[in-house]
Amino acid sequence: MALINYSSREINCKIIYYGCGLGGKTTNLLYIHEKIPDNIKGKMVSLATETDRTLFFDFLPLELGSVHGFKTRFHLYTVPGQVHYDASRKLILKGVDGIVFVVDSQRERFDDNIESFENMKINLKKNGYDLKDIPYVIQYNKRDLPNVMSFEELDKAINVDNVPAFESIAIKGVGVFETLKAISKLVIAKLSKK
Amino acid sequence: MVEPNLIMFEDDYTKVNQILTRLLEESSSKFVLLVDRSGQMISIQGETETIDSMAFATLSAGNYAATSELAKIIGEREFSVLFHQGESESIHISIVAKRIILVVVFDNRTTLGLVRLRVKKAIEDLTPVFNSIFEKVAVEEGEEAIDTKFQTSAEEEIDKLFRE
């Protein structure tokens, strides 16, 4: 649910990084925040525990500048991945325009990924949305670790809707901007279709 | 999607800003802002030079969302008003037309009583404006500016800016 203001000439869209705990959602935002020029980004807000686990959400606003006279902004959010923060995850999804589902590629996290994907669908439903109506991409993260499942294996199990999928090493920035570009374009495409 | 995009046109936006400016003046507050429940800032008026308004809007929405869930857990539908009192600065949060959050930040130049009184009047004025905005959105899903040309330009900007 984007906010389009014809008077102040602004378009604001909400993109959410969803996925299981310790999968790399916050790492994606931190990398984007570190690398993107100051004139494009706003202040990053993190509501985290003392051990830097996301408690409520991270927030990073990005601004495209003027596109056909409209200041176009993407507000990036992460949800807390840990299972017991489900109530918070549901709240963050309100008004979502696009989702990046971040997968932890390690074999031992496979069930957690599947559970998180199902949980996302349930929480979308609770907000009155259907995943079918929301642009989303998948990011297979931590590709540098030794015990990862193959891209094909993961994609077959998780990418049921055949959406764009990317391999990443978020901590080193590999695949982070490819993912961001893909979801931003899908969100804009959805807006222009209406 | 169940909830459509929130689209503001010139005349509605002017009306909203007039009401906010009046609230700001009559309540002697520091600044007032309107945020939708998903955290998107609609408008802000007052002394805002030193604050990060985008972060403020997002956190206000998060705060309201969390408190509403607390209300549900104890059997309330929601708390219609939230109030955070500081030593010199305080925050008053209330809901307009079910979807919009009105935040007033004030200091010792005024009183909670006066803020409450003026907020009540502002909500009365804002409610029909937003109800009419929601109705329009449902009918029109405003499409003028966001066409394929816009999409192409936006994609170019994305490629140009979203990189290392």
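See the structure printed just above.
First things first, this report covers the structure right here in the doc. This is a predicted model, so every value here is computed, not measured.

**Re the interface of chain A and chain B**
Taken together, the contacts link 56 residues of chain A with 48 residues of chain B. Where chain A packs against chain B, one counts two salt bridges. We note a salt bridge from E69 of chain B to K90 of chain A, for which the minimum N-O separation is 3.6 Å. Seen at the junction of chain A and chain B, the total is 13 residue pairs in polar contact (both at pLDDT 80 or more). The element contributing the most residues to the side of chain A that touches chain B is helix α5 (residues 176–193) of chain A, with 10 residues. In the side of chain A that touches chain B, the residues fall into 31 nonpolar, 12 polar and 13 charged.

**Some words on unusual backbone geometry**
All names here are of chain A. If you check the backbone angles, D52 has positive phi at about 65 degrees while not being a glycine. Tracing the backbone through its elements, the reader meets D52 in the loop between β3 (45–48) and β4 (54–67). The phi angle at K142 is positive, at roughly 65 degrees, despite the residue not being glycine. With respect to the helices and strands, the residue K142 is situated in the loop between β7 (136–141) and α4 (151–158). Judged by its relative accessible area of 18%, K142 is buried.

**Some points on the environment of V148 of chain A**
Residue and element names in this part refer to chain A. As for its position among the elements, V148 is in the loop between β7 and α4. Residues V148 and R109, spaced 39 residues apart in sequence, show a C-alpha to C-alpha distance of 9.3 Å. Residues contacting V148, with those up to four places away along its chain left out, are S105, Q106, R107, K142 and R143.

**Some thoughts on the packing of α5 of chain A against helix α4 (residues 148–161) of chain B**
Put simply, α5 of chain A and α4 of chain B touch, their axes get as near as 10 Å, and they point 165 degrees apart. For the element pair α5 of chain A / α4 of chain B, the angle class is roughly antiparallel. Handedness of the crossing formed by α5 of chain A with α4 of chain B: right-handed. Of the residues in α4 of chain B, those touching α5 of chain A at K181, S184, K185, I188, A189 and S192 of chain A are F150, Q151, A154, E155, I158 and D159 of chain B. Broken down by class, the residue content of the contact of α5 of chain A with α4 of chain B amounts to five nonpolar, three polar and four charged.

**Considerations on the nonpolar core**
Nonpolar side chains in soluble globular proteins generally cluster together in the buried interior. Core analysis: the biggest nonpolar cluster contains 68 residues, and I32, F74 and L76 of chain A together with F130 and F162 of chain B have the highest contact counts within it. Of the residues forming this core, the biggest block, nine residues, is contributed by helix α3 (residues 112–140) of chain B. F74 of chain A has contacts with C13, I15, L60, P61, L62, L64, S184, V187 and I188 of chain A together with I158 and F162 of chain B, leaving out every residue within four places of it along the chain. Listed in part, the 31 residues of the second largest apolar core include L93 and Y129 of chain A together with A55 and A65 of chain B.

**Looking at the packing of aromatic side chains**
The description of an aromatic ring pair uses the distance of the two centres, along with the angle that the planes make with each other. For the coordinates displayed, the defined rule picks out 13 aromatic pairs over all chains. Ring centres of F83 of chain B and F106 of chain B lie 6.2 Å apart, and the angle between their planes is 10 degrees; on these two criteria the pair is classed as stacked. With F83 of chain B in strand β4 (residues 81–85) and F106 of chain B in strand β6 (residues 100–106), this pair connects stretches of sequence that are 23 residues apart. On the accessibility criterion, F83 of chain B (30% relative accessible area) is partly exposed. An aromatic cluster is built from F56, F57, F59 and Y77 of chain A, whose rings are joined through pairwise contacts. When the ring centre of Y77 of chain A is taken as origin, the NZ or CZ atom of K14 of chain A, which lies over that ring, is 4.6 Å away. If you follow R99 of chain B out to its NZ or CZ, it ends over the ring of F134 of chain B, 4.3 Å from the centre.

**With respect to the pattern of salt bridges**
Under the criterion given, the structure shown has 22 salt bridges over all chains. A salt bridge links E118 of chain A to K121 of chain A, with the shortest nitrogen-to-oxygen separation between them at 3.5 Å. Taken together, the positions of E118 of chain A and K121 of chain A, both in helix α3 (residues 110–126) and three residues apart, correspond to about one turn of that helix. For E118 of chain A, a relative accessible area of 38% corresponds to the partly exposed category. Exposure remark for K121 of chain A: the relative accessible area of 31% places this residue in the partly exposed category. Here K185 of chain A makes a salt bridge to D159 of chain B, at a shortest N to O gap of 2.8 Å. Taken as a pair, K185 of chain A in helix α5 and D159 of chain B in helix α4 lie in two separate chains rather than in one. Through salt bridges that share partners, D104, R109, D112 and K142 of chain A make up one connected network.

Conventions adopted
Residues numbered from 1 in each chain as written. Chains lettered and ligands numbered in written order. Predicted model: local features only at pLDDT ≥ 70, side-chain atom pairs only at ≥ 80, totals over all residues. Heavy atoms only, no water. Contact = heavy atoms within 4.5 Å. Salt bridge = Lys/Arg side-chain N within 4 Å of Asp/Glu carboxyl O. Polar contact = N/O pair within 3.5 Å; in protein donor to acceptor, adjacent residues only side chain to side chain. Helix = DSSP H or I, 4+ residues; strand = E, 2+ residues; numbered from the N terminus. Nonpolar A, V, L, I, M, F, W, Y, C, P; charged D, E, K, R; others polar. Buried < 20%, exposed > 50% of the residue type's maximum accessible area, 1.4 Å probe, protein only. Axes fitted to C-alpha atoms, helices over the stretch in contact; angles between N-to-C directions. Parallel < 35°, antiparallel > 145°, perpendicular 65-115°, else oblique. Left-handed = near helix turned anticlockwise from the far one by under 90°. Core = buried A, V, L, I, M, F, W, Y, C linked by side-chain atoms within 4.5 Å. Phe/Tyr/Trp six-rings, centres within 6.5 Å; stacked < 30°, edge-to-face > 60°. Lys NZ or Arg CZ within 6 Å of the ring centre and 35° of its normal.

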